[in-house]
Amino acid sequence: MISRVDDYLHAVPLSGSVAEQVGPFTLFRSTTIWPYYARPVPGSGTTIEPADVELVRARCAELGIPLSFEWVVETCPSLGPAAAAAGLTVLEHPLLVLERDDFRPVTVDARCEILPAEDAVLRQARAVAGLAFSDPGTAVGAAGPVERDAHAAEVTDDMIAGLRDRALRGVTVNAGAFTDEGMVASGAHQPVGPTTEIVGVGTLPSMRRRGLAAALTAVLVEHAFANGVDLVLLSAESDAVAAVYERVGFRRIGSAGAAE
């Protein structure tokens, strides 16, 4: 299972990047609207040293792109210490998976649905995510529909064009949760063959603690299982956030590492 997840995580950036080998890493050079990262080659079994991290640092400097790494801790336990020794900030997040037989649907007093590849709804989804991730965690916050609408007006046309392109190509499937106040949660999944990852699930801070993230995740999972996927994965910000996904049937299999 952990190897399958690692292989998926190495394949999914290819929908928006060019891959380049740098030492024991694959560096994904973005061709889309957000930066990517370097990952250790799955199955290589290489022990990563700080000097390997420095190779990537030098190449990123040549290319003028941010230096960052993502990996599965259990398949490359040496990368975290090597990255820390090279002066990077290292974080670990719960890594969870869901198989069809473990899925538990969740419903709430909101309309949760897959979004069309239309500029207006994608702009709202991006605005919701921006507010959610600028105030992370599960605690109720201040930002709500008024702030969402103001933030939506600031989302660039290039960002919307990129989101629309990915949606039309089917490499990102977007979903939203709606109340009488409009979209209040958003998220997506990114299928590659029979595996997909839930990403970017966020709720307007003022609308938290209502089960919206779990219900939205359930809609994304249902869409994935109905379209040829048999394994869904995600990484959670924290144990508290992981508990939201455990309501849907996800179980923890390890940790996702990140360094920058």
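This text follows the structure it describes.
Residues numbered from 1 in each chain as written. Predicted model: local features only at pLDDT ≥ 70, side-chain atom pairs only at ≥ 80, totals over all residues. Heavy atoms only, no water.

(A) Representation of the packing of helix H4 (residues 119–134) against helix H5 (residues 145–152) in the model. Taken N-terminus to C-terminus, the directions of H4 and H5 make an angle of 115 degrees; their axes are 8 Å apart at the nearest point. For the pair H4 and H5, the sense of crossing is right-handed. Contacts between H4 and H5 pair Arg123, Gln124, Arg126, Ala127, Val128, Gly130 and Leu131 from the former with Glu147, Arg148, Asp149, His151 and Ala152 from the latter. Broken down by class, the residue content of the contact of H4 with H5 amounts to four nonpolar, three polar and five charged. (Axes fitted to C-alpha atoms, helices over the stretch in contact; angles between N-to-C directions. Helix = DSSP H or I, 4+ residues; strand = E, 2+ residues; numbered from the N terminus. Left-handed = near helix turned anticlockwise from the far one by under 90°. Contact = heavy atoms within 4.5 Å. Nonpolar A, V, L, I, M, F, W, Y, C, P; charged D, E, K, R; others polar.)

(B) Representation of the side chain of arginine 208 in the model. With respect to the secondary-structure elements, arginine 208 resides in the loop between strand S9 (195–203) and helix H7 (212–226). For arginine 208, a relative accessible area of 8% puts it in the buried group. Among the polar contacts made by the side chain of arginine 208, one reaches the main-chain carbonyl oxygen of alanine 139 at a distance of 2.9 Å. Beyond its immediate stretch of four places on either side in the chain, arginine 208 contacts Ala132, Asp135, Pro136, Gly137, Thr138, Ala139, Val140 and Thr203. (Buried < 20%, exposed > 50% of the residue type's maximum accessible area, 1.4 Å probe, protein only. Polar contact = N/O pair within 3.5 Å; in protein donor to acceptor, adjacent residues only side chain to side chain.)

(C) Representation of the state of the cysteines within the structure. By the definition in use, this model includes zero disulfides. Here cysteine 60 is not disulfide-linked; the sulfur of cysteine 76 is the nearest cysteine sulfur, at 16 Å. (Disulfide = S-S within 2.5 Å.)

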